[in-house]
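Summary of structural features
Here's the letter readout for the chains.
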Amino acid sequence: MAEVTRPDYIIRGESIVTSLCRQNTTLVTGSEEGNIKLYDTQIMRPTASWIAHKAQVMGLKKLDRGGVMSQGREGALAIWKEGQCVRSCSVPSTGFCRFALSDDQRHCFLGLDEKSKIACVDADKLNIVKTFQPADFNKRGMCWSLTVRGNHVYLGYESGHIVLFDRRYLSTQVLEVKVHDEIVTTLDVRDNKIISSSPDSTIKITSLIADEIVPDNSSRDPLPETDQTTSPLETIVSSLNSSSSEQKISTEILHTVPLKCQGSSQIRIRPDGKLFAASGWDGGLRLYSLKKYKLLGIVEAHSPETITDMITFDNRIICSGRDCKISFWTFY
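As a convention, each chain's residues are numbered from 1 in the sequence order in which they are written. Given that this is a predicted model, residues contribute local features only at a pLDDT of at least 70 and side-chain atom pairs are listed and counted only at 80 or more, while totals for whole chains, interfaces and linings are drawn from all residues. With hydrogens and water stripped out, all remaining heavy atoms of the structure feed into the side-chain values.

**Observations concerning unusual backbone geometry**
Formally: Starting at the N terminus, helices and strands are each numbered in turn, a helix being any DSSP run of H or I of at least four residues and a strand any DSSP run of E of at least two.
With an omega dihedral of 5°, the bond running from Ser303 to Pro304 counts as a cis peptide bond. The phi dihedral of Cys324 is positive, around 65°, even though this residue is not glycine. Inspection of the secondary structure assignment puts Cys324 in the loop between strand E27 (316-321) and strand E28 (325-330).

Here is the structure:
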């Protein structure tokens, strides 16, 4: 990778940006004060802004049907189109866990204030469809990170465990594995690899491995209107949709990457699957090969302030930090 020491562009603002998402050439940002602001990335200028939440904007997601969905730390979800609130709802979620949308955008998932619980929310009507929690929920603590890939929901807990659910059958936990010594602050998934980080100053790459088929005598209550198509990961847990058998899953920690800082606020795998980025609490942006897990380079994106959010697309990365800046980077 060619040496990159400077960003392509920096937007300097007056507020701390805590969340980011893209809509074509528009960058959508959410602030610590609860405001949403839009930027035209062709001219790098703001085009609209409004007060969205009473507290920090925890997360933003682009909606394929138009508009964006936002999560406020006061315990609210909202859908916005052209600066107008189309729909909103209150949810008992005031922690640190950002919400995630399913690939088909029918449901979103977020951690609740009640110990270990997760809510599945209809992403159109914004009503809670179902709540669920790990089998050993009394020992897992709060959910701090989650992501959805295909039909699977990956949850990172305060105890250092990663828990996997099939979102079609949320009453059934697929697996649970202790990966870190401390909180799983962030995780991302590619094929059968889970990449996660923690204040234990490590990044862990965990592989899911299919074992033998065993009889399944449990009853399953399917979640309505879920995606029944398969992805590469479904080849590992394909039999979860069968009433007569279940695929057992084991895990293996393939690699442990030491961090020269206390932890990472975000881990994002680039869409082409060649590398992943980790935003450090020290403001450094670290790039790693997804094939050999080798550190490719570090840039001081927002040093010494913490990077608050990060998005990747094509060969570009956009970061926001507690220094009230948004930085744009291009990497091979």
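Now that the structure has been shown, we can carry on.
**A short note on the pattern of salt bridges**
Quick note on the threshold: Just to be clear on terms, a salt bridge is a Lys or Arg side-chain nitrogen sitting within 4 Å of an Asp or Glu carboxyl oxygen. With a 1.4 Å probe rolled over the protein chains alone, any residue whose accessible area is under 20% of its type maximum counts as buried; one over 50% counts as exposed, and the rest are partly exposed.
In total, this model carries 12 salt bridges according to the counting rule given. In this structure, Asp104 and Arg167 form a salt bridge, with 2.7 Å as the shortest nitrogen-oxygen distance. Of this pair, Asp104 sits in the loop between strand E10 (100-101) and strand E11 (107-111) while Arg167 sits in the loop between strand E16 (161-166) and strand E17 (173-178), placing them 63 residues apart in sequence. Here Arg140 makes a salt bridge to Glu176, at a shortest N to O gap of 2.9 Å. Taken together, the residues span a long stretch of sequence, with Arg140 in the loop between strand E13 (128-132) and strand E14 (143-149) and Glu176 in strand E17 at a distance of 36 residues. Taking relative accessible area as the criterion, Arg140 reaches 7% and is therefore assigned buried. Residues participating in the shared-partner salt-bridge network are Asp136, Arg140 and Glu176.

**A word on the sheet that holds strand E23 (residues 275-280)**
We apply this condition: One bridge is not enough; two strands pair if DSSP finds at least two bridges between them. The convention used is that axes are lines fitted to C-alpha atoms, helices contributing only their stretch in contact, and that angles between N-to-C directions extend from 0 to 180 degrees.
On the basis of which strands lie adjacent, the open sheet formed by four strands has the order E22-E23-E24-E25 and antiparallel pairing. On the outer flanks of this sheet lie strand E22 (264-269) and strand E25 (295-299), each paired with one strand and no other. Going across the sheet, the axis of each strand differs from the next one's by a mean of 15°, ignoring polarity.

**Quick notes on the packing of aromatic side chains**
Heads up, the rule is: For this analysis, a ring pair means two rings from Phe, Tyr or Trp (six-membered ring only for Trp) whose centres lie within 6.5 Å, classed as stacked if their planes differ by under 30 degrees, edge-to-face if by over 60, and tilted for the remaining angles. Placement of a charge over a ring requires the Lys NZ or Arg CZ to be within 6 Å of the ring centre, with the centre-to-atom vector within 35 degrees of the ring normal.
Applying the stated criterion across every chain yields a total of six aromatic pairs. Centroid distance Phe96 to Trp144: 4.8 Å. Interplanar angle 15°. Geometry classified as stacked. Note that Phe96 is positioned in the loop between strand E9 (84-90) and E10 and Trp144 in strand E14, a separation of 48 residues in sequence. Residue Trp144 is classed as partly exposed on the basis of its relative accessible area, which comes to 24%. Through a chain of ring-to-ring contacts, three or more aromatic side chains come together here, namely Phe109, Phe132 and Phe165. Sitting above the plane of the Phe96 ring, Arg73 keeps its charged end 4.1 Å from the centroid.

**Side note on the environment of Glu32**
The following threshold applies: The contact definition used throughout considers only heavy atoms, calling two residues in contact when any of these lie within 4.5 Å.
Its location among the elements puts Glu32 in the loop between strand E3 (26-31) and strand E4 (35-40). When the C-alpha positions of Glu32 and Val17 are compared, they lie 6.2 Å apart, and in sequence the two are 15 residues distant. Look past the residues within four positions of Glu32 in its chain and what remains in contact with it is Ile16, Thr18, Ala55, Gln56 and Arg322.

**Thoughts on the confidence of the model for the protein chain**
Note the threshold: Confidence per residue, as judged by the predictor, is encoded in pLDDT with a range of 0 to 100.
Across the protein chain, pLDDT averages 88, with 87% of residues at or above 70. Long-range and interchain partners of residues 212-219, a stretch whose pLDDT sits below 50, account for 16 contacts in this model, where long-range means more than four residues apart. Predicted confidence for residues 235-245 stays below pLDDT 50, and this span has 32 contacts to residues more than four positions away or in other chains.

**Structural notes on the side chain of Thr308**
Stated precisely, the cut-off is as follows: Here a polar contact is recorded for every N or O atom pair within 3.5 Å, except that within protein the pair must consist of a potential hydrogen donor and a potential acceptor, and residues adjacent in sequence are included only if both atoms are side-chain atoms.
Assignment of secondary structure puts Thr308 in strand E26 (residues 307-313). In this structure the side chain of Thr308 is engaged in a polar contact, spanning 2.5 Å, whose partner is the backbone oxygen of Val17. Those residues within four positions of Thr308 in sequence are excluded, and the remaining contacts are Ile16, Val17, Thr18, Arg98, Gln266, Ser320, Gly321 and Arg322.

**Concerning the state of the cysteines**
We count it as follows: Throughout, a disulfide means two cysteine sulfur atoms within 2.5 Å of one another.
Taken as a whole and assessed by the stated rule, the structure comprises zero disulfides. With no disulfide of its own, Cys85 lies closest to Cys89 among cysteine sulfurs, the gap being 9.8 Å. Among the residues examined, Cys85 registers a relative accessible area of 40% and is labelled partly exposed.

**Side note on the side chain of Ser102**
Within the fold, Ser102 resides in the loop between E10 and E11. A polar side-chain atom of Ser102 sits 3.4 Å from the main-chain amide nitrogen of Arg106. Setting aside chain neighbours within four positions, we find Ser102 in contact with His107, Val148 and Arg167.

**Comments concerning the nonpolar core**
The cut-off we apply is this: By nonpolar core is meant a set of buried Ala, Val, Leu, Ile, Met, Phe, Trp, Tyr and Cys residues that side-chain atoms within 4.5 Å join together.
Formed by 16 residues in total, the largest nonpolar core has its most connected members in Phe109, Phe132 and Leu155. When contributions to this core are tallied by element, the ones reaching two or more residues are strand E12 (118-122), E14, strand E15 (152-157) and E16. Residues in contact with Phe132, not counting those within four places in the same chain, are Phe109, Ser116, Lys117, Ile118, Cys120, Leu155, Phe165 and Leu170. The next biggest cluster of nonpolar side chains, apart from the first, holds 15 residues, and it includes Met69, Val91, Leu112 and Leu126.

**What to know about the sheet that holds strand E5 (residues 45-51)**
With antiparallel pairing, the four strands of this open sheet are ordered in space as E2-E3-E4-E5. On the outer flanks of this sheet lie strand E2 (17-23) and E5, each paired with one strand and no other. In this sheet, adjacent strand axes meet at a mean angle of 20° when their direction is disregarded. Sheet analysis places E3 next to E4, joined by five bridges and oriented antiparallel.

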